[in-house]
Amino acid sequence: MTAFSTAGTAFSAIPAIAPDHAHPYWTFERVADALGTGPRIPRSLAGVSTDTRAMSRGDVFVALIGEHFDAHDFLAAARDAGAAAFVVSDATKAAGLGVPTYVVPDTLVALGQLATAWRRAWGRSVIAVAGSNGKTSTKELLKAAFGRTLVVHATKGNLNNLIGVPLTLLSIPSEAEVAIVEVGTNTPGEVAALRAITEPDIAVLTSIGEEHLEGLGDLAGVLREESEIFHRVTLAIVPSAHPEVLEIATARATAVLSAGLEHASIAPSAWGLDAEGRPWLDVDGVHFTLPLRGAHQAANAMLAIAAAGACTCESINPGSTIRPPRSCTAVTPSRASARISRVVPVATIFPPRTANASRTLNSASAVTIFPPTKTAVGGSCATPETTEVSTPKKMKKR
């Protein structure tokens, strides 16, 4: 038996449950380090969970409290499901259950602390996607872009709040090379809190619109809230349709790129909609059609292309003051546009859906810059091998 006391409540804990599959990072000591309190038993853990229905044996169970639920009522169920430890704010609910327990003032805050701890230990690049509209579409476009050459972990659905974002970070697998995290808000201060938890290297803001005005007040309030995503990021990618964002991002981020359909650092030479309402774009001599509908998706695609073009494994531009992200290298705005077609070619980001060469680039001519091999977690990105590739034929402007 292991005895310890926290917050004035004594616990007598049975020997910790051994996980079926130990997490590469989590131990009792590291949970204690992240939370600043609790037992420091020299044993591995399986991970972190908030749902007794989806737990793994050896997980730490965080008892969240919501408007209509209190997970402290399910501690016994969590123990029976194989929880190796609890994180609670009500110590009395854990007494007598025989499970090592971390007692904290707020379990939601603790969940964020645990998420940040793993994000730092994992150590690769995180791209945060914020904005009033288009977050989920842009996140999926980014996932498609980076997924062609890297192991990508991304937010599932729209789990973008103070619970969903930490769970997204906590579920990053060790082998992932980049994480794309959607960040939402409905009240002032939420983006700042999520940005602090996420610690993104690159921040993409999709749009500023009339969202959650009951909490944010007006468009100026929306702008203030969403722009919190740029604080201290290496690279901010902003929508050219909202020039007011550029000034704020420039003051907060190390480097800034604007992307959009016109008046942007990263813009297509031509674009339009086909008969079915799907956007087509010409970017760096490559013509492609999105499998989506609406002109707004063309703008979202340019944000994704800008991010893909500015995140590579090449050496940093000599003399640049930009701090490189953990597994990518941010490039100066002057070089980003020139790099896009050869870093992550648009033809490989958005594969053609038809064989009509006059309207959609043939997939056989798509450029591939990175070999399919991956590197082990904790290492640097692999240097691209010299590979024979065929380059896309330059399309005529429309």
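Shown above is the structure to which this text applies.
Novice: Hey, could you run me through the sheet that holds strand 4 (residues 59-62) in this one?
Specialist: On the basis of which strands lie adjacent, the open sheet formed by four strands has the order 3-4-5-6 and parallel pairing. Looking at strand neighbours, the two that pair on one side only are strand 3 (47-49) and strand 6 (101-103), the edges of this open sheet. Along the sheet, successive strands turn relative to each other by an average axial angle of 20°, direction set aside. Against the sheet, helix 1 (residues 28-35) touches strand 4, strand 5 (85-88) and strand 6, its axis set at about 5° to strand 6.

Novice: Is there a simple way to think about the pattern of salt bridges in this case?
Specialist: If you walk through the whole model with that rule in mind, you get 13 salt bridges. Linking Arg 195 and Glu 228 is a salt bridge whose minimum nitrogen-to-oxygen distance equals 3.5 Å. Here Arg 195 is found in helix 6 (residues 190-198), whereas its partner Glu 228 is found in the loop between helix 8 (219-226) and strand 11 (235-239), with 33 residues between them in sequence. Since its relative accessible area comes to 13%, Arg 195 is described here as buried. Taking relative accessible area as the criterion, Glu 228 reaches 23% and is therefore assigned partly exposed. Sharing partners across several salt bridges, the network here consists of Asp 274, Glu 276, Arg 278 and Arg 293.

Novice: Hey, could you run me through the packing of helix 3 (residues 107-122) against helix 6 in this one?
Specialist: The relative placement of two packed helices is expressed as an angle between their axes plus a distance between the axes. Between helix 3 and helix 6, whose axes approach to 8 Å, the crossing angle comes to 40°. Classified by the angle between their axes, helix 3 and helix 6 sit oblique to one another. Contact with helix 3, carried on its side by Gly 112, Ala 115, Thr 116 and Arg 119, involves Ala 196, Ile 197 and Thr 198 of helix 6 and no other residues of that element. Here the contact of helix 3 with helix 6 is composed, by residue class, of three nonpolar, three polar and one charged.

Novice: Before we go on, may I ask you to explain the environment of Pro 279 in this structure?
Specialist: With respect to the secondary-structure elements, Pro 279 resides in strand 14 (residues 279-283). Note: C-alpha distance between Pro 279 and Gly 294 (15 residues apart in sequence) is 6.5 Å. With near-sequence residues (within four places) excluded, Pro 279 lies in contact with Gly 272, Leu 273, Phe 288, Thr 289, Leu 290, Leu 292, Arg 293, Gly 294, Gln 297 and Ala 298.

Novice: Explain the side chain of Thr 185 here, please?
Specialist: Relative to the assigned elements, Thr 185 resides in the loop between strand 9 (178-182) and helix 6. In terms of polar contacts, Thr 185 uses its side chain to reach the side chain of Glu 225, at 2.8 Å.

Novice: Help me understand the pairing of strand 10 (residues 202-205), please; the structure alone is not making it clear to me.
Specialist: Sheet faces and side chains relate simply in a regular strand, where the side chains alternate between the two faces. Side chains Ile 202 and Val 204 of strand 10 all project onto a buried face; the interleaved residues Ala 203 and Leu 205 project onto the opposite face, where all are buried too. By the bridge criterion, four bridges tie strand 7 (residues 125-130) to strand 10 in an arrangement that is parallel. Across the sheet, residue Ala 128 finds its bridge partner in strand 10, namely Ala 203. Pairing of strand 10 with strand 11, which is carried by three bridges, proceeds in the parallel orientation. Bridge pairing in strand 11 links Val 204 to Ile 237.

Novice: Which parts of the structure should I look at to understand the sheet that holds strand 9?
Specialist: For sheets, the rule is that strands pair by backbone hydrogen bonds, running either parallel or antiparallel. Strand order in the open sheet made by the six strands is 8-9-7-10-11-12, with parallel pairing throughout. Edge strands, defined here as strands with exactly one partner in the open sheet, are strand 8 (152-154) and strand 12 (255-259). Geometrically, the sheet is characterised by an average inter-axis angle of 15° between neighbouring strands, direction not taken into account. Sheet topology note: the strand 7/strand 9 ladder contains five bridges and is parallel. Note that in strand 9 the partner of Ile 127 across the bridge is Ile 180. Of the strands in this sheet, strand 7, strand 8, strand 9 and strand 10 are in contact with helix 4 (residues 135-147), which crosses strand 9 at around 170°.

Novice: How do you make sense of unusual backbone geometry when you look at a structure like this?
Specialist: Glycine aside, a negative phi is what most residues show, and trans is what most peptide bonds show. Unusually for a residue other than glycine, Glu 199 sits at a positive phi of about 50°. Positioned with a positive phi, Asp 284 is a non-glycine residue whose angle comes to about 50°. For Asp 284, the location among the structural elements is in the loop between strand 14 and strand 15 (286-289). Judged by its relative accessible area of 39%, Asp 284 is partly exposed.

Novice: Would you mind showing me how to read the packing of aromatic side chains here?
Specialist: Considering all chains together, one arrives at two aromatic pairs under this definition. Look at Tyr 25 and Trp 26: their rings are 4.9 Å apart centre to centre, the planes differ by 70°, and that puts the pair in the edge-to-face class. Per residue, the accessibility class of Tyr 25 equals that of Trp 26, and both read buried. Summarising the aromatic geometry, the rings of Tyr 25 and Trp 118 are spaced 5.8 Å apart at their centres and angled 40° between planes, so their arrangement reads as tilted. One end of the pair, Tyr 25, is in the loop between strand 2 (9-13) and helix 1; the other, Trp 118, is in helix 3, with 93 residues separating them in the sequence. Relative accessible area serves as the criterion here: at 4%, Trp 118 is assigned to the buried category.

Quick notes on the rules
- Residues numbered from 1 in each chain as written.
- Predicted model: local features only at pLDDT ≥ 70, side-chain atom pairs only at ≥ 80, totals over all residues.
- Heavy atoms only, no water.
- Pairing = 2+ DSSP bridges.
- Helix = DSSP H or I, 4+ residues; strand = E, 2+ residues; numbered from the N terminus.
- Axes fitted to C-alpha atoms, helices over the stretch in contact; angles between N-to-C directions.
- Contact = heavy atoms within 4.5 Å.
- Salt bridge = Lys/Arg side-chain N within 4 Å of Asp/Glu carboxyl O.
- Buried < 20%, exposed > 50% of the residue type's maximum accessible area, 1.4 Å probe, protein only.
- Parallel < 35°, antiparallel > 145°, perpendicular 65-115°, else oblique.
- Nonpolar A, V, L, I, M, F, W, Y, C, P; charged D, E, K, R; others polar.
- Polar contact = N/O pair within 3.5 Å; in protein donor to acceptor, adjacent residues only side chain to side chain.
- Phe/Tyr/Trp six-rings, centres within 6.5 Å; stacked < 30°, edge-to-face > 60°.

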